[in-house]
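Given next are the chains, with one letter for each unit.
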Amino acid sequence: MHQPTRLVVLVSGSGTNLQALLDACADPSYGARVVAVGADREDIEGLARAERAGIPTFVRQVSDFETREGWDASLTTVVERFEPDLVVSAGFMKLLSTEFLDRFLTLNTHPALCPAFPGMHGPRDALEHGVKVTGATLFVVDAGVDTGPIVAQVPVVVAEDDDVASLHERIKTAERAMLVDAVGRIAREGIAVEGRRVRIGAAAR
Ligand code: GRF
């Protein structure tokens, strides 16, 4: 059997996506393990989840650095130390530098069906637009905001009485399942990114 795929997960908040990955990684047949969890702020549930699981953590807060470039460089250095095969940005609320993205294959989850409703307010924007179906997208991070090649998507039907919180909660449930499924398949079968087309599977090694 292959060595498990080494994941570094980046979080900024509650970390339920991280928890789903931690739970999946508890089964050796999943094919991946979380080797470190990083955050851009202290005192968040995402870090507490990692600590409870005995996973090393690190925090790089932008305000602790004189320049954004200094923060970018420090984040790259600390992530490098854990030698990840894959970085998963799971609710991480910072854009990553091109140096970081050139160094690490990085996936991000977005709570909307890209290319619709990019940015910080995917569920709110979908609700305000009146769409009947929204969802979540897993994509390879590129220099844009939620613009990268799409790895997986899952649809979520908008209910008539949804508010932003209820819609986002249902999206998050679907998002976690999508993330766990796709990361596991990538770990076990490989991933190939050719332009905008992403393939998971035997031919993709
Ligand atoms: C997810 O919906 C993610 O797509 C969005 O923020 C949420 C993070 O949730 N960017 P959690 O921290 O994993 O619970």
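Thresholds applied
Residues numbered from 1 in each chain as written. Predicted model: local features only at pLDDT ≥ 70, side-chain atom pairs only at ≥ 80, totals over all residues. Heavy atoms only, no water. Pairing = 2+ DSSP bridges. Helix = DSSP H or I, 4+ residues; strand = E, 2+ residues; numbered from the N terminus. Axes fitted to C-alpha atoms, helices over the stretch in contact; angles between N-to-C directions. Contact = heavy atoms within 4.5 Å. Near = heavy atom within 4 Å. Polar contact = N/O pair within 3.5 Å; in protein donor to acceptor, adjacent residues only side chain to side chain. Areas by Shrake-Rupley, 256 points an atom, 1.4 Å probe, with all protein chains shown as cover. 1 Å grid on protein atoms, 1.4 Å probe; cavity = no way out; pocket = protein on both sides within 12 Å on 5 of 7 lines; lining within 4 Å. Sits in = over half its atoms within 2 Å of the grid points. Nonpolar A, V, L, I, M, F, W, Y, C, P; charged D, E, K, R; others polar. Buried < 20%, exposed > 50% of the residue type's maximum accessible area, 1.4 Å probe, protein only.

Next up on the list: the sheet that holds strand S7 (residues 150-157). The 7 strands are arranged S3-S2-S1-S4-S5-S6-S7 in an open sheet whose pairing can be described as mixed. Unpaired on one side and paired on the other, strand S3 (57-59) and S7 mark the two borders of the sheet. For this sheet the average axis-to-axis angle between neighbouring strands, irrespective of direction, equals 20 degrees. Examined bridge by bridge, strand S1 (residues 5-11) and strand S4 (residues 86-89) share 4 bridges and lie parallel to one another. Each residue of the ladder has a partner; that of Leu-10, found in S4, is Ser-89. The sheet contacts of helix H2 (residues 45-52) involve S1, strand S2 (32-39) and S3, and relative to S3 the element is tilted by about 155 degrees. Strands in contact with helix H6 (residues 164-189) are S1, S2, S4, strand S5 (106-110), strand S6 (133-140) and S7; relative to S7, the strand with the most contacts, it is inclined by about 150 degrees.

Another aspect to go through is the site of the ligand. Lining the immediate environment of the ligand, one finds Ser-14, Gly-15, Thr-16, Asn-17, Gly-91, Thr-109, His-110, Pro-111, His-168, Lys-172 and Glu-175. Gly-15 places a polar main-chain atom, nitrogen or oxygen, 2.8 Å from an oxygen atom of the ligand. Thr-109 is positioned with one of its backbone polar atoms (N or O) 3.3 Å from an oxygen atom of the ligand. Within the complex, 88% of the 370 Å² of free accessible area of the ligand lies under protein. Assessed atom by atom at 2 Å from the grid points, the ligand resides in the largest pocket. At the level of secondary structure, the elements contributing two or more residues to the shell around the ligand comprise helix H1 (16-25), S5 and H6. A total of 3 residues in the shell around the ligand trace back to one element, the largest contributor, which is H6. For the shell around the ligand, the class distribution of residues is 1 nonpolar, 8 polar and 2 charged.

What follows covers unusual backbone geometry. Across the junction of Cys-114 and Pro-115, the peptide omega takes the value 10 degrees, indicating a cis bond. By secondary structure assignment, the location of Pro-115 is in the loop between S5 and helix H5 (122-129). The residue Glu-83 is not glycine, and still its phi comes out positive at about 45 degrees. Considering the arrangement of structural elements, one finds Glu-83 in the loop between helix H3 (68-81) and S4. You can call Glu-83 exposed: its relative accessible area is 56%. With phi around 60 degrees, Asp-146 is a residue other than glycine that occupies positive phi space. Here Asp-146 lies in the loop between S6 and S7.

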